[in-house]
Amino acid sequence: MKWQEWLDKWSMTGLKINVGFLSAEWNPNDRDRDAAWDLYIELLTRISTQQLPPDAGREMTALESIHALFGLTRETLKHHGRHCNEFAKIAIVVLNQVVRPFTAKWHKESLASAFQDPDRCEEFRRELSGLQQQLRRYTKMLADMAGVEDLTELEKTDGQKP
């Protein structure tokens, strides 16, 4: 399978990736699978993929949890070493193109006291919800790379029938 086909499978075609890279074979090895598993578990158990009810949680805490993905990804890359190239390719792109714009905007806004304004808090939560949709797709991609059953949709969310 080519990288382009794998990204298409997970509806991640909006990422800006070098055309030569997209035509390369997607062939994760054991180190890629191990790294994908490590980050998959982190994403699956954080606000990055879990719903934040309107009357629960704090915006700043959610922002800090999303920002922590940078350190977690770096540590995962360092721990698994230079032989987890397939994992590194997608992890770096998602951090830089999906997570960074959100954290950069809201870090600046938080310094300007945005989280003291209920309207801005509502805006943050709407944008967080959009980011979570993208990160749930990423989480599913990591499960695929790790070769494990995906548990992203394991828990029932509001509006679903039992």
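Criteria and thresholds
- Residues numbered from 1 in each chain as written.
- Predicted model: local features only at pLDDT ≥ 70, side-chain atom pairs only at ≥ 80, totals over all residues.
- Heavy atoms only, no water.
- Salt bridge = Lys/Arg side-chain N within 4 Å of Asp/Glu carboxyl O.
- Helix = DSSP H or I, 4+ residues; strand = E, 2+ residues; numbered from the N terminus.
- Buried < 20%, exposed > 50% of the residue type's maximum accessible area, 1.4 Å probe, protein only.
- Expected span 1.5 Å × (residues − 1).
- Polar contact = N/O pair within 3.5 Å; in protein donor to acceptor, adjacent residues only side chain to side chain.

1. Re the pattern of salt bridges
Per the stated rule, a full pass over the model turns up 11 salt bridges. Among the salt bridges present, the one from lysine 89 reaches glutamate 86, with a minimum N-O distance of 3.0 Å. Residue lysine 89 and its partner glutamate 86 are located together in helix 5 (residues 85–111), separated by three residues, close to a single helical turn. With a relative accessible area of 31%, lysine 89 lands in the partly exposed category. A salt bridge links arginine 126 to glutamate 122; the shortest N-O distance between them is 3.2 Å. Taken as a pair, arginine 126 and glutamate 122 lie in helix 6 (residues 118–146) at a separation of four residues, close to a single helical turn. A residue is classified by how much of its surface remains accessible, and glutamate 122, at 47% relative accessible area, is partly exposed. Three or more residues are tied together by salt bridges with common partners; here these are Lys105, Glu109, Arg120, Glu123 and Glu127.

2. Here we look at helix 6
Under the 1.5 Å per step criterion, the end-to-end length of helix 6 is 40 Å for 29 residues, consistent within 8% with the ideal 42 Å. The distance from a side-chain oxygen at the start of helix 6 to the backbone nitrogen of aspartate 119 is 2.9 Å, and the residue carrying that oxygen is aspartate 117. Downstream of helix 6 by one or two residues, glycine 147 has phi in the positive range, about 75°.

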